[in-house]
Amino acid sequence: MNKPVVLVAEELSQAGLAVLGADFEVRQVDGADRSAFLPALSDVDALIVRSATQVDAEAVAHAPKLRVVARAGVGLDNVDVEAATKAGIMVVNAPTSNITSAAEHTVALILASARNVAQAHTALKGGEWKRSKYTGVELDEKVVGILGLGKIGQLVAQRLAPFGVELIAYDPYLPAARAAAMGVQLVSLDEVLAKADFITVHLPKSKETIGLIGERELHMVKPNVRLINVARGGIIDENALYSAIKEGRVAGAGIDVFPKEPVTDSPLFELDQVVVTPHLGASTHEAQEKAGTQVARSVKLALGGEFVPDA
Ligand code: MLT
């Protein structure tokens, strides 16, 4: 009897591949290359993706046998869950696999942005010893505004508290008492904008959050503010951020995610005040191991007709 086919459209950990290899025929394809990806869907039972593969209605229509789409990570914004559900396809993710890595990368970008680490590194390796140019700021006694106090936002709060910062957050779905128990004061978005020295985004990408931080918002912030985004590109409007930094209304930014990825030519790249990384929030050995094994197990359960618990 033929084994069910699992199509892995992006990098998956060896541990995840080993779980799958025991029971399924595992095929690999570059999910970002539509001309290869769409035809590869014709006879697959399961599909595993990260963030570069668009599992949209067109992809679903190319996959008549597909029973499960697994996202080796948290966000499901690259999967058309409605189209999949209509076609009877189960959608699963690995909701806690990379939250620690994302929180740690956020702290890395906050510190890198506060202390000009990337800029000074590039200058020194280019032969320039410039100490005063790269004078930074301390975190101690600063106000950090967290947009979205979900799993990752909470880990960021825990990790930043020992730096002596005041933590405030905007989260319309969390009761104020829950935030207070974590040492975070829940406030309105406008209050975060008016008070914070650092603003870090931990919201999912949705109709409500795309462009949440745009022209209006970037006219309300303190000029020394630094913005960090390890969540999703487009939640901070890139063009508005570019103008705000150029005009001295924002001091700097640490950006890991972009409206369109992969990207090699964002306007932000020309600004010395912006430190960027290529969507590395979840890119640690530990997170990839967890994501790979979690989704592999979920695919196994789903294809076996069994209940798939939240990981
Ligand atoms: C996530 O949503 O969990 C991350 O963006 C995963 C990834 O890096 O692909």
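Residues numbered from 1 in each chain as written. Predicted model: local features only at pLDDT ≥ 70, side-chain atom pairs only at ≥ 80, totals over all residues.

An unreviewed UniProt entry lists the protein under the name D-3-phosphoglycerate dehydrogenase, with Herbidospora solisilvae as the source organism. UniProt's Pathway (unreviewed entry) comment on the protein is quoted here verbatim: "Amino-acid biosynthesis; L-serine biosynthesis; L-serine from 3-phospho-D-glycerate: step 1/3." UniProt's Function (unreviewed entry) comment on the protein is quoted here verbatim: "Catalyzes the reversible oxidation of 3-phospho-D-glycerate to 3-phosphonooxypyruvate, the first step of the phosphorylated L-serine biosynthesis pathway. Also catalyzes the reversible oxidation of 2-hydroxyglutarate to 2-oxoglutarate." (UniProt positions renumbered as here; feature names shortened; annotations may be inferred.)

1. Quick word on the site of the ligand
The local shell around the ligand consists of R50, S51, G73, V74, G75, N98, H279 and A282. For the shell around the ligand, the class distribution of residues is two nonpolar, five polar and one charged. (Near = placed C-beta within 6 Å. Nonpolar A, V, L, I, M, F, W, Y, C, P; charged D, E, K, R; others polar.)

2. Quick word on the confidence of the model for the protein
Low pLDDT marks regions whose predicted coordinates should not be analysed in detail. For the protein, mean pLDDT is 97; residues scoring 70 or higher make up 100% of the total. Quick note on the complex model: pTM equals 0.95, ipTM equals 0.94. (pLDDT = per-residue confidence, 0-100.)

3. Thoughts on the packing of helix α1 (residues 14–21) against helix α12 (residues 285–303)
Where α1 meets α12, the closest approach of the two axes is 7 Å, and the angle between their N-to-C directions is 15 degrees. One element, α1, and the other, α12, form an angle in the roughly parallel class. Crossing geometry of α1 relative to α12 is assigned as right-handed. Where α1 abuts α12, its residues A15, G16, V19 and L20 lie against E289, G292, T293, V295, A296, R297, V299 and K300. Within the contact of α1 with α12, the residues separate by chemical class into six nonpolar, three polar and three charged. (Axes fitted to C-alpha atoms, helices over the stretch in contact; angles between N-to-C directions. Helix = DSSP H or I, 4+ residues; strand = E, 2+ residues; numbered from the N terminus. Parallel < 35°, antiparallel > 145°, perpendicular 65-115°, else oblique. Left-handed = near helix turned anticlockwise from the far one by under 90°. Contact = placed C-beta atoms within 7 Å.)

4. Concerning the environment of S35
As for its position among the elements, S35 is in helix α2 (residues 34–40). A tally of 8 C-beta atoms within 10 Å means that S35 is categorised as exposed. Sequence spacing of S35 and F269 is 234 residues, and the spatial spacing of their C-alpha atoms is 30 Å. (Buried ≥ 20, exposed ≤ 12 C-beta atoms within 10 Å, placed from the backbone.)

5. Thoughts on the domain arrangement of the protein
Splitting the protein by domain gives domain 1 (5–97 + 285–303) and domain 2 (99–276). Distance from the C-alpha centre of domain 1 to the C-alpha centre of domain 2: 31 Å. Each partner contributes residues to the interface: domain 1 has seven residues there, and domain 2 has seven residues. Taken together, the residues of the side of domain 1 that touches domain 2 sort by class into three nonpolar, two polar and two charged. (Domains from an automatic or database assignment.)

6. Topic: the sheet that holds strand β1 (residues 5–8)
Spatially, β2-β1-β3-β4-β5 is the arrangement adopted by the five strands of the open sheet, whose pairing is parallel. A single partner strand is all that each edge strand has here, and the edge strands are β2 (25–28) and β5 (90–93). Put simply, the sheet's adjacent strands are angled 20 degrees from each other on average, direction ignored. Direction of pairing for strand β3 (residues 46–49) relative to strand β4 (residues 68–71): parallel, over a ladder of four bridges. Bridging across to β4, I48 finds its partner in A70. Against the sheet, α12 makes contact with β1, β3, β4 and β5, and its axis sits at roughly 165 degrees relative to β4, the strand it touches most. (Pairing = 2+ DSSP bridges.)

7. What to know about the nonpolar core
One finds L47, I48, L241, V250 and V299 to be the most contacted residues of the largest nonpolar core, which totals 91 residues. In contact with V299, not counting residues within four places along its chain, are V6, L20, A46, I48, V68 and A70. (Core = buried A, V, L, I, M, F, W, Y, C linked by C-beta atoms within 7 Å.)

8. Comments concerning the pairing of strand β7 (residues 166–170)
Of all five residues that make up β7, four are buried, and the element is covered over most of its length. Pairing of strand β6 (residues 143–147) with β7, which is carried by five bridges, proceeds in the parallel orientation. When the sheet's bridge partners are listed, I146 is paired in β7 with A169. Between β6 and its parallel partner β7, the chain crosses via helix α7 (residues 151–160), and the hand of that crossover is right-handed. In terms of strand pairing, β7 meets strand β8 (residues 185–186) through two bridges, oriented parallel. Bridging from a neighbouring strand, A169 pairs with L186 of β8. Crossover connection from β7 via helix α8 (residues 176–181) to parallel β8: handedness right-handed. (Right-handed = clockwise from strand over helix to strand, strands pointing away.)

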